Amino acid sequence: MLITLAMVAPLACGVWAHMSLHQFFVDGVTAGAGRAMSVLRDNGPTVDFTSSDLECGRTASVDPTFVPVYRGSTLTFQFKHDRPEDDIVAPSHAGVILIYGAPADTTKPTPAVDRATGFTKLYSGKWSASEGWESDRLIRGRGYLNVQIPKEMPLGGAVLRTELPALHEAEVMWSRNGGRGVQMYVQCVHVEVREGSPPAKSTAGDRLVRETSLAKPWNTIKQATGWPRGIAIPQGLDPKDSGYLYNMYYRQADGPNSSKDHTRYKAPGPPTSAQISMQATFGRPRL
């Protein structure tokens, strides 16, 4: 049987393209891989906008802990393909990064979101003529995404949700073509925002350290108040949103989008909160 490049390419892409969150750091300190977060079945995306997997990913388990953070702390998400600091995600899987936050539901015995309040968008990325897609910046940054906990962040327990909508097959909705559609790489971490300064901090430049005692039992997390009303997920995300339903391969002569110019692209979802917002940088943090 003759095997052509056209037959092999989709298989190769499927093998090495995907991405997941490995761990997260607070001021350079981590509780370890898989702690205080949703742990996925594999590194594949969610494509069904009616699925509860859209909230925190295709979850195999949820680690029943949280990590204390402080207003002004640097929170670093470390993404990977198979292992830390590898190829992270295929360059073809172009997209921006979004971060949502929601108060934790402290009445639940395991990590959960307060659905009466819902998710608020804290960060919304964009395409840049000089830097490209944020997925490109994440690859160049070896999988590190850094944000600062805002001084306006409500104190108490919170669930933070990262989202990368990969647009390489997003010219049609998955519900119309089950072989295509935007690929949603989402995952959640559990934190408790506290007053004061962190008791432990990495002081060796950009050296990241592990401290297993950083993770605390979920049943000791404190209730947060003061979050703005957000959206329910998946109900509040629309697959027809132009940030999800987007043909990134149009030529300028054929439509508003060029394969090299995406200035008209608008990130999907609700507006970023005017009350609580973050800025993001990419690369191993300097602490």
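Residues numbered from 1 in each chain as written. Predicted model: local features only at pLDDT ≥ 70, side-chain atom pairs only at ≥ 80, totals over all residues. Heavy atoms only, no water.

## A short note on the overall build of the protein chain
A tally of helices and strands in the protein chain yields three helices and 14 strands. A burial count over the protein chain gives 53% of its 287 residues as buried. Taking all contacts inside the protein chain whose residues are at least 6 apart in sequence as the whole, residues at least 24 apart take part in 79%. Carbon together with sulfur atoms contributes 51% to the accessible area of the protein chain, which is approximately 13,200 Å² in total. (Helix = DSSP H or I, 4+ residues; strand = E, 2+ residues; numbered from the N terminus. Buried < 20%, exposed > 50% of the residue type's maximum accessible area, 1.4 Å probe, protein only. Contact = heavy atoms within 4.5 Å. Areas by Shrake-Rupley, 256 points an atom, 1.4 Å probe, with all protein chains shown as cover.)

## A short note on the nonpolar core
Counting 41 residues, the largest nonpolar core has Phe24, Leu75, Phe77, Leu145 and Met153 as the members making the most contacts within it. Taken together, the elements giving at least two residues each to this core come down to strand E1 (20–26), strand E5 (65–70), strand E6 (74–80), strand E8 (120–124), strand E9 (144–148), strand E10 (156–166), strand E11 (183–194) and strand E14 (280–282). Leave out the neighbours within four places in its chain, and Phe77 touches Leu21, Gln23, Phe24, Ile99, Gly143, Tyr144, Leu145, Val147, Thr162 and Val189. One finds Phe49, Val96, Phe119 and Tyr244 within the second-largest nonpolar core, a separate group that totals 27 residues. (Core = buried A, V, L, I, M, F, W, Y, C linked by side-chain atoms within 4.5 Å.)

## Some thoughts on the side chain of His168
Mapped onto the secondary structure, His168 falls in the loop between E10 and E11. Separated by 3.4 Å, the side chains of His168 and Gln183 make a polar contact. (Polar contact = N/O pair within 3.5 Å; in protein donor to acceptor, adjacent residues only side chain to side chain.)

## As for unusual backbone geometry
Across the junction of Ile233 and Pro234, the peptide omega takes the value 20°, indicating a cis bond. Note on placement: Pro234 falls in the loop between strand E13 (216–217) and E14. The phi dihedral of Glu85 is positive, around 60°, even though this residue is not glycine. Glu85 sits in the partly exposed class, given a relative accessible area of 24%. Phi at Arg142 takes a positive value of approximately 60°, unusual for a residue other than glycine. With respect to the element layout, Arg142 can be found in the loop between helix H3 (134–140) and E9.

## What about the pairing of E5?
By the criterion of burial, E5 is predominantly enclosed, with six of the six residues buried. Neither face of E5 is open: one carries Thr65, Val67 and Val69, the other Phe66, Pro68 and Tyr70, and all of them are buried.

## Some points on the packing of aromatic side chains
In total, this model carries five aromatic pairs according to the counting rule given. Seen in terms of ring centroids, Trp133 and Tyr265 are 5.2 Å apart; in terms of plane orientation they differ by 75°. Their pairing is edge-to-face. With Trp133 in the loop between E8 and H3 and Tyr265 in the loop between E13 and E14, this pair connects stretches of sequence that are 132 residues apart. Judged by its relative accessible area of 8%, Tyr265 falls in the buried class. On the basis of an interplanar angle of 75° and a centroid distance of 4.8 Å, the ring pair of Tyr246 and Tyr265 is categorised as edge-to-face. A residue pair is termed long-range when its members are at least 10 positions apart, and Tyr246 in the loop between E13 and E14 and Tyr265 in the loop between E13 and E14 qualify at 19 residues. The pair formed by Tyr246 and Tyr265 is uniform in burial state, with each residue classed as buried. Put simply, the rings of Trp133, Tyr246 and Tyr265 pair up and form one aromatic cluster. (Phe/Tyr/Trp six-rings, centres within 6.5 Å; stacked < 30°, edge-to-face > 60°.)

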